[in-house]
Amino acid sequence: MNFTAERELLVEHGRKMVERGLTRGSGGNLSIFLRDENLMLITPSGGDYHKVTSSDMVLMDLNGNVVSGDRKPSSEYSMHAILYRRRSDINAVVHCHSIYSATLATLGWEIPAAYYLIGVGGGENVRVANYATYGTEELAENALEAMENRLAVLLANHGLLTGARSLASAFDKAEEIELCAEIYYRAKAVGEPKIIETEEVNRMLDRFKSYGQRST
């Protein structure tokens with residue numbers, strides 16, 4: 001199978017990632033897990049999102065081997081593969097370098113429940129994964145650990161990572177968590193944000209299970 005539909009989704013969302021301000025240049029990466037085949041499609045390394053085509057997407061197994069494709073895969077492929085190996089609830093991953101998420105990650109600040117949309121990340125906060133060099137297995141392990149029971153994580157001094165059952169949902173989470181990061185950062189600039197209590201966050205998490213039209 002050529003997985004034409006999945007390839008086109010990666011092209012579409014790669015372009016949207018730049019157009020929506022979630023990354024710049026060729027930064028970040030996206031992937032889709034083909035669970036029945038135990039393979040993943042991932043964006044190529046260093047590709048201009050407005051120039052890459054569906055045929056540029058790289059098909060890989062979860063051990064880092066290229067199954068098909070002429071391009072070099074994203075250097076962050078291990079960070080995607082580890083989530084597909086260890087998380088049954090994640091079939092798509094978005095990694096971006098959005099400004100406010102990257103700023104908080106550089107400060108080492110998690111995103112607390114200062115804004116109600118924090119719930120789309122799966123819990124009462126978005127944690128910061130310990131720093132490791134990009135593209136390494138250590139970074140993949142750190143991201144997995146900090147993302148336990150969550151669908152989003154900040155990568156220290158780096159950016160944002162989100163996962164979901166579909167690429168559309170993972171992309172939505174990236175946008176919404178970036179908004180949470182921006183609101184928290186701006187609120188901290190002028191005062192001390194009031195944090196939503198855990199009981200209320202749990203109530204919101206229940207409501208988010210039926211929020212919108214897309215699979216989480």
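Counting restarts for each chain, with residues numbered from 1 along the sequence as it is written. The predicted origin of the model limits local features to residues at a pLDDT of at least 70 and limits the giving and counting of side-chain atom pairs to 80 or more, whereas totals for whole chains, interfaces and linings rest on all residues. As a rule here, side-chain values come from all non-hydrogen atoms in the structure, and water together with hydrogens is ignored.

A look at unusual backbone geometry
And then number 1: Unusually for a residue other than glycine, F3 sits at a positive phi of about 55°.
And then number 2: By the secondary structure assignment, F3 is in the segment before α1 (4–19).
And then number 3: Using a 1.4 Å probe on the protein chains alone, a residue whose accessible area is under 20% of its type maximum counts as buried, one over 50% counts as exposed, and one in between counts as partly exposed. Take F3: its relative accessible area is 8%, and that puts it in the buried class.
And then number 4: Non-glycine residue N38 carries a positive phi angle of around 55°.
And then number 5: Accessibility expressed as a relative area gives 45% for N38, which makes it partly exposed. Numbering of helices and strands starts at the N terminus; helices are DSSP runs of H or I of at least 4 residues and strands are runs of E of at least 2.

Points about helix α6 (residues 198–208)
And then number 1: For α6, every residue scored as buried is listed here: V201, M204, L205 and F208. All buried residues of α6 lie within an arc of 105° about the axis, which places them on one face of the element. Relative to its buried face, α6 has exposed residues pointing more than 90 degrees away, namely E199 and R207. In this description, one arc is meant: the one made by directions from the helix axis to the C-beta atoms.

Notes on helix α4 (residues 137–146)
And then number 1: The set of residues buried in α4 consists of L139, A140, N142, A143, L144 and A146.
And then number 2: Contacts are assigned to residue pairs that have any heavy atoms within 4.5 Å of one another. Buried residues in α4 make contact with α2 (77–86), β6 (128–129), β7 (152–155) and β8 (159–164).

What to know about the nonpolar core
And then number 1: The nonpolar core is taken to be a set of buried Ala, Val, Leu, Ile, Met, Phe, Trp, Tyr and Cys residues, with the residues joined through side-chain atoms within 4.5 Å. Among the nonpolar cores identified, the biggest contains 42 residues, and M17, V94 and I111 are the most heavily contacted of them.
And then number 2: Aside from chain neighbours lying at most four places away, what touches V94 is M17, N29, L30, L160, L161, T162, L167, A170, F171 and A174.
And then number 3: Of all hydrophobic cores here, the second largest spans 25 residues; its members include M79, A81, L151 and L155.

Details of the sheet that holds strand β1 (residues 29–34)
And then number 1: When DSSP finds two or more bridges between a pair of strands, those strands are recorded as paired. Strand order in the open sheet formed by eight strands is β4-β3-β2-β1-β5-β8-β7-β6, and the pairing between neighbours is mixed. Looking along the sheet, the strands with just one partner apiece sit at the ends: β4 (66–68) and β6.
And then number 2: By the bridge criterion, five bridges tie strand β5 (residues 92–96) to β8 in an arrangement that is antiparallel. Of the residues in β8, the one forming a bridge with V94 is T162.
And then number 3: Helix axes are fitted only over the stretch in contact, all axes being lines through C-alpha atoms; the angle between N-to-C directions runs from 0 to 180 degrees. Taken strand by strand, α1 contacts β1, β2 (39–42), β4 and β5, and its axis lies near 155° from that of β1.
And then number 4: Of the strands in this sheet, β1, β5, β7 and β8 are in contact with helix α5 (residues 167–190), which crosses β8 at around 140°.

Focus on the packing of aromatic side chains
Ring pairs (aromatic) are described by centroid distance and by the angle formed between their planes.
And then number 1: Any two of the Phe, Tyr and Trp rings considered here, Trp counted by its six-membered ring, make a pair once their centres fall within 6.5 Å; the pair's planes then place it as stacked at under 30 degrees, edge-to-face at over 60, or tilted in between. Evaluated as defined, the whole model comprises four aromatic pairs.
And then number 2: Seen from their ring centres, F33 and Y84 are 4.8 Å apart, and the 10° between their planes marks the pair as stacked. One end of the pair, F33, is in strand β1; the other, Y84, is in helix α2, and 51 residues separate them in sequence. This pair shows no difference in class: F33 is buried, exactly as Y84 is.
And then number 3: With centroids separated by 5.2 Å and ring planes inclined at 65°, the aromatic side chains of Y115 and Y116 adopt a geometry described as edge-to-face.
And then number 4: What makes Y116 partly exposed here is its relative accessible area of 39%.
And then number 5: Only when the NZ atom of a Lys or the CZ atom of an Arg is both within 6 Å of the ring centre and within 35 degrees of the ring normal do we say a charge sits over the ring. Sitting over the face of the ring of F171, K16 holds its NZ or CZ atom 4.8 Å from the ring centroid.
And then number 6: Looking at K188, its charged tip hangs above the ring of W109, at a distance of 5.3 Å from the centre.

Points about the pattern of salt bridges
And then number 1: By convention in these notes, a salt bridge is any Lys or Arg side-chain nitrogen within 4 Å of a carboxyl oxygen on Asp or Glu. Applying the stated criterion across every chain yields a total of eight salt bridges.
And then number 2: One salt bridge connects D56 with R71, and the closest N-O pair in it is separated by 3.3 Å. On the criterion of sequence distance, the pair formed by D56 in the loop between β2 and β3 (58–61) and R71 in the loop between β4 and α2 is long-range, its members being 15 residues apart.
And then number 3: One salt bridge in this structure joins E137 and R85, with 3.7 Å as the shortest N-O distance.

Quick word on a nonpolar patch on the surface
And then number 1: Patch definition: residues with relative accessible area over 30% and no salt bridge; like charges joined within 9 Å; nonpolar side chains (Val, Leu, Ile, Met, Phe, Trp, Tyr) joined within 5 Å. In these tables, accessible area is a Shrake-Rupley quantity obtained with a 1.4 Å probe, and a residue counts as shielded only by the protein chains included in the view. On the surface, L107, W109 and Y185 cluster together into a nonpolar patch covering about 270 Å² of accessible area.
And then number 2: As for its position among the elements, L107 is in helix α3 (residues 99–107).
And then number 3: By relative accessible area, L107 is classed as partly exposed at 43%.

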